[in-house]
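The residues making up each chain are set out below.
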Amino acid sequence: MLGVTLLASWWYAEKHGFIAEDVDADTTRTVYLRVVKAQIPWAVGAALCLIGPLLSVGFILLVQLIYAAALRGSLLRYVIG
């Protein structure tokens, strides 16, 4: 739900002129893509609970650890942008 809220707030700010004028369309597109791509691993983790709750918890824990480490040049940086 936080990802949806972030996406909705960015959309609202863009439509109502709350974004700085020097923010170009490419930056706006990047923000939308990063929010959506960042939510995909969480959705996969939630879907894994249909296979097994322990698998789901393990996957979500792994995703959380990857986000917490946030190593430069890592797979996370490649996937999310």
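Each value, and the rule that gives it
Residues numbered from 1 in each chain as written. Predicted model: local features only at pLDDT ≥ 70, side-chain atom pairs only at ≥ 80, totals over all residues. Heavy atoms only, no water. Helix = DSSP H or I, 4+ residues; strand = E, 2+ residues; numbered from the N terminus. Buried < 20%, exposed > 50% of the residue type's maximum accessible area, 1.4 Å probe, protein only. Contact = heavy atoms within 4.5 Å. Areas by Shrake-Rupley, 256 points an atom, 1.4 Å probe, with all protein chains shown as cover. Axes fitted to C-alpha atoms, helices over the stretch in contact; angles between N-to-C directions. Parallel < 35°, antiparallel > 145°, perpendicular 65-115°, else oblique. Left-handed = near helix turned anticlockwise from the far one by under 90°. Nonpolar A, V, L, I, M, F, W, Y, C, P; charged D, E, K, R; others polar. Patch = residues over 30% accessible without salt bridge, like charges linked within 9 Å, V, L, I, M, F, W, Y side chains within 5 Å. Salt bridge = Lys/Arg side-chain N within 4 Å of Asp/Glu carboxyl O. Expected span 1.5 Å × (residues − 1).

1. A word on the overall build of the protein
Check the secondary structure of the protein and you find 4 helices and 0 strands. Secondary structure elements in the protein, listed N-terminal to C-terminal, are α-α-α-α. The proportion of buried residues among the 81 residues of the protein is 17%. Taking as baseline every contact in the protein between residues at least 6 positions apart, the subset at least 24 positions apart corresponds to 35%. With the model as given, the accessible surface of the protein reaches about 6300 Å², and the carbon-plus-sulfur share is 71%.

2. Considerations on the packing of helix H1 (residues 2-15) against helix H2 (residues 25-47)
Relative orientation and spacing of two packed helices are given, respectively, by the angle between their axes and the distance between those axes. Contact geometry of H1 with H2 gives a least axis separation of 9 Å together with a crossing angle of 165°. With respect to each other, H1 and H2 are oriented roughly antiparallel. Classified by chirality, the crossing of H2 by H1 is left-handed. In this structure, H1 contributes Gly3, Leu6, Leu7, Trp10, Trp11 and Glu14 to the contact, and H2 contributes Thr28, Val31, Tyr32, Val35, Val36 and Gln39. Of the residues that constitute the contact of H1 with H2, the class distribution is 8 nonpolar, 3 polar and 1 charged.

3. A closer look at a nonpolar patch on the surface
Together, Trp11, Tyr12 and Phe18 make up an exposed nonpolar region whose accessible area comes to about 380 Å². Secondary-structure assignment places Phe18 in the loop between H1 and H2. Here Phe18 falls in the exposed class, since its relative accessible area comes to 59%.

4. Considerations on H2
Look at H2: 33 Å from first C-alpha to last across 23 residues, which is about the 33 Å you get at 1.5 Å a residue. Of all the residues in H2, the buried ones are Thr28, Val35, Ala38, Pro41 and Gly45.

5. A look at the packing of H2 against helix H3 (residues 53-69)
Look at H2 against H3: their axes get within 8 Å of each other, and the N-to-C directions meet at 160°. With respect to each other, H2 and H3 are oriented roughly antiparallel. Like other packed secondary-structure pairs, H2 and H3 cross with a definite hand, here left-handed. Contact residues: Ala38, Pro41, Trp42, Val44, Gly45 and Ala46 in H2; Ser56, Phe59, Ile60, Val63, Gln64 and Tyr67 in H3. Across the contact of H2 with H3, the residue classes break down as 9 nonpolar, 3 polar and no charged.

These figures come from the coordinates and say nothing about function on their own.
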